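Read off the chains here:
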Amino acid sequence: MALNKDEHSECEKFIELISLMLDNEASSEEEEYLAQHVDDSAPCLEKLESEKEYREMLKKKIGMKEVPVDLINAIKTKIKSLV
């Protein structure tokens, strides 16, 4: 089933907002829009699930690394000197 022009525009808007939502940076209005759109669009729901799976895979592959305290302090000092 092909999407009409309005549906296609809504899906493009949704795709632009996915990262904001997954990064917890979407406004409450954007989150509400995203939730409603996912209920109405199976392809966008699939895109959202795919993006979530991709991010989880990256987290597992990259993992969290311990940052040396000296490096943290050096970065803070550099930032303070620039401000």
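Let us look at the structure shown here. (Residues numbered from 1 in each chain as written. Predicted model: local features only at pLDDT ≥ 70, side-chain atom pairs only at ≥ 80, totals over all residues. Heavy atoms only, no water.)

For the rest of this paragraph, the subject is the overall build of the protein chain. A count of helical and extended segments in the protein chain gives 4 helices and 0 strands. Sequence-ordered secondary structure for the protein chain, helices as α and strands as β, is α-α-α-α. Taking 12 Å as the expected radius of gyration for a compact globule of 83 residues, we find that the protein chain reaches 19 Å, considerably beyond that expectation. Partitioning the intrachain contacts of the protein chain with sequence separation of at least 6 by distance along the chain shows that 55% fall at a separation of at least 24. Carbon and sulfur atoms provide 55% of the accessible area of the protein chain, an area that totals close to 7100 Å². With 12 positive and 20 negative side-chain charges, the protein chain shows a separation of 12 Å between the mean positions of the two kinds. (Helix = DSSP H or I, 4+ residues; strand = E, 2+ residues; numbered from the N terminus. Rg over C-alpha atoms; globule rule 2.2 N^0.38 Å. Contact = heavy atoms within 4.5 Å. Areas by Shrake-Rupley, 256 points an atom, 1.4 Å probe, with all protein chains shown as cover. Lys, Arg positive; Asp, Glu negative; His and termini not counted. Charge placed at Lys NZ, Arg CZ, Asp CG, Glu CD.)

On to a nonpolar patch on the surface. On the surface, a nonpolar cluster with roughly 680 Å² of combined accessible area is contributed by Val67, Leu71, Ile72, Ile75, Ile79, Leu82 and Val83. Relative to the assigned elements, Ile79 resides in helix α4 (residues 69-82). (Patch = residues over 30% accessible without salt bridge, like charges linked within 9 Å, V, L, I, M, F, W, Y side chains within 5 Å. Salt bridge = Lys/Arg side-chain N within 4 Å of Asp/Glu carboxyl O.)

This brings us to the state of the cysteines. For the structure on display, the rule yields 0 disulfides. Cysteine Cys11 shares no disulfide, and the gap to the nearest cysteine sulfur, in Cys44, comes to 3.3 Å. (Disulfide = S-S within 2.5 Å.)

Here we come to the side chain of Glu51. Note on placement: Glu51 falls in helix α3 (residues 42-62). A relative accessible area of 18% means that Glu51 is categorised as buried. In contact with Glu51, not counting residues within four places along its chain, are Ile18 and Leu22. (Buried < 20%, exposed > 50% of the residue type's maximum accessible area, 1.4 Å probe, protein only.)

A word on unusual backbone geometry. The phi angle at Asn24 is positive, at roughly 55 degrees, despite the residue not being glycine. Along the chain, Asn24 falls in the loop between α1 (5-22) and α2 (28-40). By relative accessible area, which is 68% here, Asn24 ends up exposed.

One pass over the structure, following the stated rule, counts 4 salt bridges. When the shortest N-O distance is used, the salt bridge between Asp23 and Arg55 registers 2.5 Å. Placement of Asp23 in the loop between α1 and α2 and of Arg55 in helix α3 is noted, with a sequence separation of 32 residues between them. For Asp23, a relative accessible area of 38% translates into the label partly exposed.

Shape descriptors only; they carry no functional weight alone.
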